[in-house]
Amino acid sequence: MKEISVVEPIFFNTFKCIGSECREHCCKGWDIFLDKPTVNRYLKSGEIEIRTIAAENIITTKSSYNNWGKMKLSEKGQCAFLSEERLCKIHKSMGASALSITCATYPRLQKQFKYEIRQNLSLSCPEATKQLLLREDSMLLDQKKVLKDQALKVPDVDQESRLINLMCTNIMLVSGIRPEEGFYGIALLFLYLEKVKEDADKFEKLDNYYSNIIASLQNGQIKNNIDDIKPDYQLQWALLLRVQVYLARKQGTRGWSTLHHYANKLIFIQSDNVQNEEVSSSMQRLDAAWQNRMLPWLSERPHLLSNYIQYRMYTDEFPAKKEISNLANLYLLVCEWFLIKSLLSASADLVENIEEEDVVNIIYSYHAVTKHDQHSDRAFLEEIEKSKVNDDLSLIYLLK
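What counts, and at which threshold
Residues numbered from 1 in each chain as written. Predicted model: local features only at pLDDT ≥ 70, side-chain atom pairs only at ≥ 80, totals over all residues. Heavy atoms only, no water. Core = buried A, V, L, I, M, F, W, Y, C linked by side-chain atoms within 4.5 Å. Buried < 20%, exposed > 50% of the residue type's maximum accessible area, 1.4 Å probe, protein only. Helix = DSSP H or I, 4+ residues; strand = E, 2+ residues; numbered from the N terminus. Contact = heavy atoms within 4.5 Å. Phe/Tyr/Trp six-rings, centres within 6.5 Å; stacked < 30°, edge-to-face > 60°. Pairing = 2+ DSSP bridges. Axes fitted to C-alpha atoms, helices over the stretch in contact; angles between N-to-C directions.

A. View of the nonpolar core. If you look at the biggest cluster of nonpolar residues, it comprises 93 residues, and the most contacted ones within it are F183, Y308 and L330. The leading source of residues in this core is helix α15 (residues 326-350), at 15 residues. Apart from residues no more than four positions distant in its own chain, Y308 is found in contact with L123, L132, L133, I340, I363, Y366 and H367. Grouped together as the second largest cluster of nonpolar side chains are 17 residues, Y42, W68, C79 and I90 included.

B. Quick look at the packing of aromatic side chains. A full pass over the atoms with the stated rule returns 6 aromatic pairs. Centroid distance W30 to Y106: 5.7 Å. Interplanar angle 80 degrees. Geometry classified as edge-to-face. Of the two residues, W30 sits in the loop between α1 (10-14) and β2 (33-34) while Y106 sits in the loop between α5 (101-105) and β5 (108-113), which places them 76 residues apart along the sequence. A residue is classified by how much of its surface remains accessible, and W30, at 12% relative accessible area, is buried.

C. Just the sheet that holds strand β7 (residues 141-148), in detail. Here 4 strands make up an open sheet; going across it, the order is β5-β6-β1-β7 and the pairing mixed. The two strands at the open ends of the sheet, each matched to only one other strand, are β5 and β7. Each strand axis lies, on average, 20 degrees off the axis of its neighbour in the sheet, ignoring direction. Relative to β7, strand β1 (residues 2-9) runs antiparallel, the two sharing 8 bridges. Along β7, the bridge assignment pairs E8 with D142.

D. Quick look at unusual backbone geometry. The omega angle of the peptide bond from Y106 to P107 is 5 degrees, so this bond is cis rather than trans. Take P107: it is sitting in the loop between α5 and β5. A cis amide bond, omega -5 degrees, links F318 with the succeeding residue P319. Within the secondary structure, P319 sits in the loop between α14 (303-316) and α15. Here K62, not a glycine, exhibits a phi torsion of approximately 55 degrees, which is positive. Structurally, K62 can be placed in the loop between β3 (58-60) and β4 (69-71). Its relative accessible area of 54% is what places K62 among the exposed residues. One non-glycine residue, R86, lies in positive phi territory at about 60 degrees. Counting through the fold element by element, R86 comes out in the loop between β4 and α4 (89-94).

In short, shape yes, function no, at least from these values alone.
The following block contains the structure:
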């Protein structure tokens, strides 16, 4: 027997689907794939209504065992099994056990290693996002042991990568409601790691340097370093513009209308004085909204940002994309954060009261549009890279 560790954030265990009360139902707005047993079960169901709906709305693709069929969506983009009460007819008449693999597991995620399973939830689900952001303890990790006949048939944890991930996570935790300082600290860590990567005592050196970064965050040195950076407003403006062009191409996908609602506020501010090529005024306006409205508001709710950043570190196993450098991974994360920060700032500038629900809406809709599948994620990252200036260190101009 082999002992397997199962790691679960608190919000994974407390999550419950709220069904028809959900602000954006998961049975609408994206493709729904059915595995082979599910297709056969619905087509041969003893329930006449289920069998009829299946015959008229399941497109048999036979692409793979888990993608044997695909639901034909209605003109409103809804699954044919969704009732007028926004509840699943399959679940109601046949029970939870009759659901397809996709429907039964979403929004739950799982990452497996040889001796470890890491559980999680997708933030494309608005209720999962709400549970993550609004619970102060949502990213506390619970670990338990289970026994299996043998180790899982997947690679083991890369211990060096896990160490770097833990260092990055702690750096971001110390930065609190000012993630920019954490990103700056991580950039320093990655540059130093590159410098000592061939040294026999690199881990000892890295640990000492990591401690210095933590001290620099706590004593305000990194804040001072960021304050000395001259912002590149043209880069910031161009990045936001390119991302908005990408988002416009996603019209009709689940989460798009919600994200578009907030993006419109950003577009309104970006358009200010653009005819005079005064892009700096728009960026300065967003920064003022962040400094004067968002930061004081967030200081009373520090868990909102902390939970989200911890989630990204945990979910992405940052910096896990082995095909690109650590700094490139950081550049992409900073770009994503800059977009979310800009959306929050634009909303804070144009509305009278900042609401927690606005933060939930922006985070979940952003994930629904850009991170629901690998194709969307990859396309979004490719779009971001087009705005890169010189090298990955141009990320520092997004920290102002």
